[in-house]
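# Survey of secondary and tertiary structure
One-letter residues, chain by chain:
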Amino acid sequence: GYNPFLLLAYLFTGYELSELKNSFSYWMYCAKVQTEVYSKDEPATLLGLYKDIGQLLEIGWLILYTLDMPEHWLDPDRMDSDFDITKVNIKEEVLTFLSREEQCNLRKALRNFYKANSWFHYQRMTLEDALFHALQTKNQYYNIKCFEDLESRINKLMEILYALNREFVNSSLVEEKIIV
C-alpha cells in the first residue's frame, strides 16, 4: 500500500534536507532568471526533483488528512523488508523556515501549512510552471513573486516533513525493527 511514512523515509534516504533545499532553491532561481537553465547536461535531474517535491506535497496531505491511520503503516514487521531504515538521513538540521512553536508542534504546523495552501492543485500547477521555466530561456515567467512564494512554502513543507520523518525513524516502533 501507499505508506506515507515509508515513502518519506525512502525520500530522505536519497537526500539530506539541506541538499534537497539547495536543489529546490537552484530550481527556483533558474525558473525566475530567464538566462539560466537547470542542468543543461542532464535535465532529467530536474524531472526527478519535480517528482520528489510533488511526492512531498502528497505525503504531507496524506499524513494530515488520513483520519484512521492503518496500523500496518506503523508496524515494523509489515514495512518493506528490502528497505534499510538505517540508511535514512535523520541528522540534526537547521530549520530556518519553522518557528520554535512550529518545531515543537509539527502536526499543527502541517495542518496550518495545508490550511494556508488549501488549493493543493495550485501548488502542483505552479511547480509545473517552474519546471518549464527552469528548462528554457525563450521567455520569462510573468509573475516571479509566485515562484518566490512557492519556494518559501515548499521549504517550510520540507522542514515539517523532515522533522516528522526524524520523529518517525527515531520512534520506538522503528527502533525495534532496527534491533531485530
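Note that the structure is a prediction, hence the values are computed from the model and not measured. (Residues numbered from 1 in each chain as written. Predicted model: local features only at pLDDT ≥ 70, side-chain atom pairs only at ≥ 80, totals over all residues. Heavy atoms only, no water.)

### Details of the packing of aromatic side chains
- Inspection of the entire model under this criterion finds eight aromatic pairs.
- Consider the rings of Phe 12 and Tyr 162, whose centres lie 4.9 Å apart with planes at 80°: the pair is edge-to-face. Within this pair, whereas Phe 12 is found in helix 1 (residues 4–14), its partner Tyr 162 is found in helix 7 (residues 144–169), the two being separated by 150 residues in sequence. Judged on exposure class, the residue Phe 12 and its partner Tyr 162 are both buried.
- When the centroid spacing of 4.9 Å and the interplanar angle of 85° are considered together, the rings of Phe 113 and Tyr 114 count as edge-to-face.
- A relative accessible area of 4% means that Phe 113 is categorised as buried.
- Assessed through its relative accessible area of 3%, Tyr 114 is described here as buried. (Phe/Tyr/Trp six-rings, centres within 6.5 Å; stacked < 30°, edge-to-face > 60°. Helix = DSSP H or I, 4+ residues; strand = E, 2+ residues; numbered from the N terminus. Buried < 20%, exposed > 50% of the residue type's maximum accessible area, 1.4 Å probe, protein only.)

### A few points about the side chain of Lys 21
- Relative to the elements of secondary structure, Lys 21 occurs in helix 2 (residues 17–32).
- The class of Lys 21 is buried, set by a relative accessible area of 13%.
- Polar contacts involving the side chain of Lys 21 include one to the side chain of Glu 159, which spans 2.5 Å.
- Those residues within four positions of Lys 21 in sequence are excluded, and the remaining contacts are Val 94, Thr 96, Phe 97, Asn 155, Met 158 and Glu 159. (Polar contact = N/O pair within 3.5 Å; in protein donor to acceptor, adjacent residues only side chain to side chain. Contact = heavy atoms within 4.5 Å.)

### Some details on a nonpolar patch on the surface
- Together, Trp 119, Tyr 122 and Met 125 make up a nonpolar patch on the protein surface, roughly 300 Å² of accessible area in all.
- Relative to the elements of secondary structure, Met 125 occurs in helix 6 (residues 120–134).
- Exposure remark for Met 125: the relative accessible area of 33% places this residue in the partly exposed category. (Patch = residues over 30% accessible without salt bridge, like charges linked within 9 Å, V, L, I, M, F, W, Y side chains within 5 Å. Areas by Shrake-Rupley, 256 points an atom, 1.4 Å probe, with all protein chains shown as cover. Salt bridge = Lys/Arg side-chain N within 4 Å of Asp/Glu carboxyl O.)

### What about the nonpolar core?
- Core analysis: the biggest nonpolar cluster contains 51 residues, and Phe 24, Trp 27, Ile 53 and Leu 56 have the highest contact counts within it.
- Going through the elements one at a time, helix 1, helix 2, helix 3 (44–65), helix 5 (106–116), helix 6 and helix 7 are the ones with two or more residues in this core.
- At 13 residues, helix 7 tops the list of elements feeding residues into this core.
- Apart from the residues lying within four places of it in its own chain, the contact partners of Trp 27 are Tyr 38, Leu 46, Leu 49, Tyr 50, Ile 53, Leu 127, Ala 130, Leu 131 and Ala 134. (Core = buried A, V, L, I, M, F, W, Y, C linked by side-chain atoms within 4.5 Å.)

### Details of the pattern of salt bridges
- Applying the stated rule across the entire model yields ten salt bridges.
- Where Glu 151 meets Lys 32, a salt bridge forms, and the shortest distance between an N and an O atom there is 3.5 Å. On the criterion of sequence distance, the pair formed by Glu 151 in helix 7 and Lys 32 in helix 2 is long-range, its members being 119 residues apart.
- For Lys 32, a relative accessible area of 18% corresponds to the buried category.
- Glu 102 is the partner of Lys 156 in a salt bridge, and the nearest nitrogen-oxygen pair spans 2.8 Å. One end of the pair, Lys 156, is in helix 7; the other, Glu 102, is in helix 4 (residues 100–104), and 54 residues separate them in sequence.

### What to know about the confidence of the model for the chain
- With 88% of its residues at a pLDDT of 70 or more, the chain shows a mean pLDDT of 84.
- The element-level mean pLDDT for the chain is lowest in helix 8 (residues 172–179), coming to 46, with helix 4 highest at 96. (pLDDT = per-residue confidence, 0-100.)

### A closer look at the packing of helix 5 against helix 7
- Helix 7 packs onto helix 5 with a crossing angle of 150° between their chain directions and a minimal axis gap of 10 Å. Here helix 5 is positioned roughly antiparallel relative to helix 7, judged by the angle of their axes. Helix 5 and helix 7 meet at a crossing whose hand is left-handed. Residues Leu 106, Arg 107, Ala 109, Leu 110, Phe 113 and Tyr 114 of helix 5 lie in contact with helix 7, whose contacting residues are Arg 153, Leu 157, Ile 160, Leu 161, Ala 163, Leu 164 and Glu 167.
- In terms of residue class, the contact of helix 5 with helix 7 is built from ten nonpolar, no polar and three charged. (Axes fitted to C-alpha atoms, helices over the stretch in contact; angles between N-to-C directions. Parallel < 35°, antiparallel > 145°, perpendicular 65-115°, else oblique. Left-handed = near helix turned anticlockwise from the far one by under 90°. Nonpolar A, V, L, I, M, F, W, Y, C, P; charged D, E, K, R; others polar.)

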